[in-house]
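# An overview of the molecular structure
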Amino acid sequence: DGLGEFGLGIRQCSQLTRLELNFSSNQITGDGLGEFGHWIGQCSQLTRLELNFSGNQITGDGLGEFGLGIRQCSQLTRLELNLSSNQITGDGLGEFGHGIGQCSQLSRLELNLSQNSRINNAIGIMEMLRSCSLQECRIDLSGTGITRRDAAAIVGAYPSVDLILVDQIMDPVVQAPGLKGRAALEASGETRLAAESHESNVATIVSRASGNRAFDEVARIVEEDATRILGIAEIEWDFEPLRENDVAKADALAAALRGLRKMPHLRSCTIAMAGRSESYGPIKDEHLEVFGAGIAHCGELTSLSLDFRRNRIDGHHLGTFAEGIGHCHKLTMLSLVFRRNRIMGRYLGMFGEGIGRCGRLTSLSLNFFHNRITAEHLGSLIEGICRCRQLTSLSLDFSHNRIVGESLPCLERIGQLSELASLHLRFGINRIEGDDPGKIGSWLDKFARLNTLDLSFGRNQITSSFVEKLGIGIAHCALLANLAISAESNRITGKYMPKFALEVGKCAMLASCSLDFSRNEITAKYLGEFGEKIGTFSQLSSLQMNLGGNEISGMHVAAFAEGIRFCPTLTTLSLKFCQNKTTGSYLGAFGYGIGRCGQLTSLDLDFSSNEIVGEQLEAFGKGIRMCQQLTSLALSFHGNKIEGRYFAALGIGIRRCSKLISLELNFADNQIKGRHVRRFGRAIGHFDQLSRLALYFSDNELCDEGADALAEFLRQHEGLLQCTIELAGTAITSTGRTAITDANPSVHLITEAVGDPSADESSVESSANNSGNSSSMISSARAAVSTDVGSRDEQDVSSDRKS
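Scope of this entry: the structure provided in the associated data block. (Residues numbered from 1 in each chain as written. Predicted model: local features only at pLDDT ≥ 70, side-chain atom pairs only at ≥ 80, totals over all residues. Heavy atoms only, no water.)

A few words now on the overall build of the protein. A count of helical and extended segments in the protein gives 27 helices and 28 strands. Counting over 803 residues, the protein shows a buried share of 56%. Contacts spanning at least 24 positions in sequence make up 86% of the contacts within the protein whose residues lie at least 6 apart. Accessible area of the protein: about 31,800 Å², with a carbon and sulfur share of 45%. (Helix = DSSP H or I, 4+ residues; strand = E, 2+ residues; numbered from the N terminus. Buried < 20%, exposed > 50% of the residue type's maximum accessible area, 1.4 Å probe, protein only. Contact = heavy atoms within 4.5 Å. Areas by Shrake-Rupley, 256 points an atom, 1.4 Å probe, with all protein chains shown as cover.)

Okay, here's the thing in structure tokens:
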């Protein structure tokens, strides 16, 4: 009933260009869809609209009224509409098509009508398509009354339409993240044979399966008598993590991969066959050879994505495997993951030669993280890659290998790929030395169209002048909008960081910048000038910077904040100064500098593991409160010496950030007591829009008084959708725990029964089970409590070890 009123509110967002809404699994009948569409239609700048109404009670009439409503979206170019599992008939589809047909710029339509059994003929679909002029159209009619004969009629009349007719089989056990928990197998038996007996390939058949279902699917394909399975155009198989002794499964998989030669019309192939995290899987080089032989027959293939991580691949059949891929002359997208295998560098030459035969490639991603590759063999691989002159996106990950030396001259050849718009190079956790590995700064000027640059050289032995030379090269990338540099755990002193920022500031289109210089040898004296130069980035909207584990004092932190406040468009800011020597004496000045970034909507500050007592926290809070547009605030002061009275005063400043939706505070391991939490809660007051709350007070002396204070705060915020509170080592008893869970039964409470042997641990487990989506928050909580400031590459290693 409220759908129309909701649309009325949305229409006030007059500058909206993209809208994505999920109303799945509700009780919407469609009566309000027309009014909803009418109001959405008044968002005149809207170019992309994605709506999910699956699992409701919408009829065809409601859909028709919606189509007529959004016809005013004159700028709309893309519409994605999920109406699966409703009560739609074909009656309203013609009216729907007539409405969206008046969206003059609409070029792409994705419509999911699966599991609407009342759609029993092609008339409504054809009426809809007759009214539209589309370049791309994808319609899912799985589980409807549409027959293969109807599909043939639709595609015959509209050849550009991509129809999907799939029988979906639910698997309650297997949850494949890549497939959103759904296992779907292609139509089988008489239905499929009927589809493939047509004179032409009239419909797209998708083979999509995960876990044990995937093995059932490949077994069926292998046993198929037909020499060619014409209908299969897309494969998405996600096998459950394979154990080391799953040899039979590996052999069955190899046989299935050989069966790919039966699919001459295969266009897209995505297969994941990873080993288990605690051991290596059974996939070996001979399986690669078989796969290459099978894929070589797929002449229509345009997209190939394979994940072989954590297996036993040495690499001696990499060349044969790539040679098979090289026969796919229409291939435009290739992604191969060989993470954590045993691949030797000497096999990369033939592998690169095979990849180089894919002359139409526009996107290439190769992940060789944690193998046995040395620098001397990289050149032959890159030489092969550089034959793909149409590449616009290139991602290479050679982190955690055996690459040693002061230079990587082979990287200079990448400059030949002048069409690149996106470049990702990761060489972290090696033994690369010197001031200019790969001379990257000298060939970046070759990329006139470069939009995204991501470089990772963390945990090597790179020296300071690398930063200056890199900045000079980046300055030539006039269209650069996204920049990420990870150079943690090197030998960078910071001397050239102001020069680096000065050069990067010449990229007038730069909107997002992420810099990680943690655990280097950066001294504080360069920080103020560095911030001043960043303040000249005229289009910067997002800045993330990690300077943890250096030798930076509070005075220079404040000078840095004073510099970046001149970024006029900055909306997202994340700064990490953990594990430095900051005492907090300039924390107020720092907060004042941040507060003058008036457009900020998201702020994340990390001062954990320093020497902050907290006397400046009140002034810091008063500075932050000038950020009136903040919707997300995260502050971490874990592992300092903050006294409770100063913590309580912080709330006075934060309370002025009245638009907060998400609030995360980490004050674990300080000197805070229960009464201080109560004062803080009362000072901070009530946030009308707060929906996500995360509080970490472990290893403080809160006792039950602190638990009561937290319960009082929770009662003031009944609208919380996610709530995590960590109170390990705070001496609260079962009484305190009960007070918190009674105030918010869905809270994810992490605690210990310290000082109360009779505490009922089942209550804690029960509250955790009721936490809904808070598991991801717990993961972030653990990361926040940790004082490690490792790189992306190092985090990859540590996550594998934890697994």
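This part is about the nonpolar core. Counting 169 residues, the largest nonpolar core has Phe 321, Phe 338, Phe 351, Ile 414, Ile 474 and Phe 590 as its most contacted members. The greatest single-element share of this core, amounting to six residues, is contributed by helix H23 (residues 703-715). The contact partners of Phe 338, leaving out residues within four places of it in the chain, are Leu 288, Phe 308, Ile 313, Leu 318, Phe 321, Ile 343, Phe 351, Asn 367, Phe 368, Phe 369 and Asn 371. Core analysis: the next-biggest nonpolar cluster, separate from the first, contains 49 residues, Leu 46, Leu 79, Met 126 and Ala 151 among them. (Core = buried A, V, L, I, M, F, W, Y, C linked by side-chain atoms within 4.5 Å.)

Let us look at the pattern of salt bridges. On inspection of all chains with the given rule, the structure shows 27 salt bridges. We note a salt bridge from Glu 643 to Arg 645, for which the minimum N-O separation is 3.0 Å. A relative accessible area of 26% places Glu 643 in the partly exposed class. Note that Glu 664 is salt-bridged to Arg 692, the shortest N-O span being 3.5 Å. Placement of Glu 664 in strand S25 (residues 662-666) and of Arg 692 in strand S26 (residues 692-696) is noted, with a sequence separation of 28 residues between them. Judged by relative accessible area, which is 19%, Arg 692 ranks as buried. (Salt bridge = Lys/Arg side-chain N within 4 Å of Asp/Glu carboxyl O.)

With parallel pairing, the three strands of this open sheet are ordered in space as S14-S16-S18. The outermost strands of the open sheet, each flanked by one partner alone, are strand S14 (404-405) and strand S18 (461-462). Looking at chain direction, strand S16 (residues 431-434) and S18 are connected through two bridges and run parallel. In the strand pairing of S18, Gly 434 is matched with Ile 462. (Pairing = 2+ DSSP bridges.)

The subject of this paragraph is helix H17 (residues 527-534). The buried count for H17 comes to six of eight residues, which makes it a mostly enclosed element. Of the residues making up H17, those classed as buried are Leu 527, Gly 528, Phe 530, Gly 531, Lys 533 and Ile 534.

Let's shift gears to helix H21 (residues 644-654). Of all 11 residues in H21, eight are buried; the element is thus mostly enclosed. Burial in H21 covers these residues: Gly 644, Phe 647, Ala 648, Ala 649, Leu 650, Gly 651, Gly 653 and Ile 654. Here the buried face of H21 lies against helix H20 (617-624), strand S24 (632-636), S25 and helix H22 (674-684).

Another point: the packing of helix H10 (residues 285-295) against helix H11 (residues 318-326). Contact geometry of H10 with H11 gives a least axis separation of 7 Å together with a crossing angle of 15°. With respect to each other, H10 and H11 are oriented roughly parallel. Every pair of crossing elements has a handedness; the one defined by H10 and H11 is left-handed. When H10 is examined against H11, the residues Leu 288, Glu 289, Phe 291, Gly 292 and Ile 295 are found in contact with a partner set consisting of Leu 318, Thr 320, Phe 321, Gly 324 and Ile 325. By residue class, the composition of the contact of H10 with H11 is six nonpolar, three polar and one charged. (Axes fitted to C-alpha atoms, helices over the stretch in contact; angles between N-to-C directions. Parallel < 35°, antiparallel > 145°, perpendicular 65-115°, else oblique. Left-handed = near helix turned anticlockwise from the far one by under 90°. Nonpolar A, V, L, I, M, F, W, Y, C, P; charged D, E, K, R; others polar.)

Time to look at the environment of Cys 703. Relative to the helices and strands, Cys 703 is located in helix H23. Taking the relative accessible area as the measure of exposure, Cys 703 reaches 35% and is therefore partly exposed. Setting aside anything within four residues of it in sequence, one finds Cys 703 in contact with Thr 730, Ala 731 and Ile 732.

As a further point, take the side chain of Asn 56. Structurally, the position occupied by Asn 56 is in the loop between strand S2 (48-52) and helix H3 (60-69). Of the polar contacts made by the side chain of Asn 56, one reaches the backbone oxygen of Phe 23; its length is 3.0 Å. Among the polar contacts listed, one links the side chain of Asn 56 to the backbone nitrogen of Gln 27, at a separation of 3.3 Å. Not counting the four nearest positions on each side in its chain, Asn 56 is found in contact with Phe 23, Ser 24, Ser 25, Asn 26, Gln 27, Ile 28, Ser 85 and Asn 86. (Polar contact = N/O pair within 3.5 Å; in protein donor to acceptor, adjacent residues only side chain to side chain.)

Let's shift gears to the packing of H20 against H21. Angle between the axes and distance between the axes: these two values describe a pair of packed helices. Viewed as axis vectors pointing N to C, H20 and H21 meet at an angle of 15°, and their least axial separation amounts to 7 Å. Of the possible angle classes, the one that applies to H20 and H21 is roughly parallel. The handedness of the crossing between H20 and H21 comes out as right-handed. Note on element contacts: H21 touches H20 through Tyr 646, Phe 647, Ala 649, Leu 650, Ile 652, Gly 653 and Ile 654, opposite Leu 617, Glu 618, Phe 620, Gly 621 and Lys 622. Across the contact of H20 with H21, the residue classes break down as eight nonpolar, two polar and two charged.

It is worth spelling out the pairing of S16 at this point. If a strand is regular, its side chains alternate between the two faces of the sheet. Along S16, the buried face is formed by Ile 432 and Gly 434; none of Arg 431 and Glu 433, which line the opposite face, is buried. With two bridges connecting them, S14 and S16 associate as parallel partners. The residue bridging Gly 405 from the neighbouring strand is Ile 432, located in S16.

Topologically, Phe 23 is positioned in the loop between strand S1 (18-22) and helix H2 (33-40). Note: C-alpha distance between Phe 23 and Asn 52 (29 residues apart in sequence) is 5.7 Å. Not counting residues within four places of it along the chain, the set of residues in contact with Phe 23 comprises Leu 3, Phe 6, Ile 28, Asn 52, Phe 53, Ser 54 and Asn 56.

Our focus in this paragraph is unusual backbone geometry. Although it is not a glycine, Arg 340 adopts a positive phi angle of roughly 60°. As for its position among the elements, Arg 340 is in the loop between strand S11 (333-337) and helix H12 (348-355). Look at Asp 699: it is not a glycine, yet its phi comes out positive at around 60°. Within the secondary structure, Asp 699 sits in the loop between S26 and H23. A relative accessible area of 47% means that Asp 699 is categorised as partly exposed.

Applying the stated criterion to the full structure yields 30 aromatic pairs. Ring centres of Phe 6 and Phe 23 lie 5.5 Å apart, and the angle between their planes is 90°; this geometry places the pair in the edge-to-face category. Placement of Phe 6 in helix H1 (residues 3-10) and of Phe 23 in the loop between S1 and H2 is noted, with a sequence separation of 17 residues between them. Take Phe 6: its relative accessible area is 34%, and that puts it in the partly exposed class. Where Phe 427 meets Phe 457, the ring centres are 5.7 Å apart and the plane angle is 15°; that geometry is what we call stacked. Placement of the pair is Phe 427 in the loop between strand S15 (422-426) and S16 and Phe 457 in the loop between strand S17 (452-456) and S18, with a sequence separation of 30 residues. The same class applies to Phe 427 and to Phe 457, which are both buried. (Phe/Tyr/Trp six-rings, centres within 6.5 Å; stacked < 30°, edge-to-face > 60°.)

Here we take up the sheet that holds strand S4 (residues 108-112). Read across the sheet, six strands follow the order S1-S2-S3-S4-S5-S6 without closing on themselves; strand pairing throughout is parallel. The open sheet has two edge strands with one neighbour each: S1 and strand S6 (161-164). Between one strand axis and the next, the sheet turns through 5° on average, direction left out of account. Two strands pair when backbone bridges link them, and S1 and S2 are joined in this way by five bridges, in the parallel orientation. The residue bridging Arg 18 from the neighbouring strand is Arg 48, located in S2.

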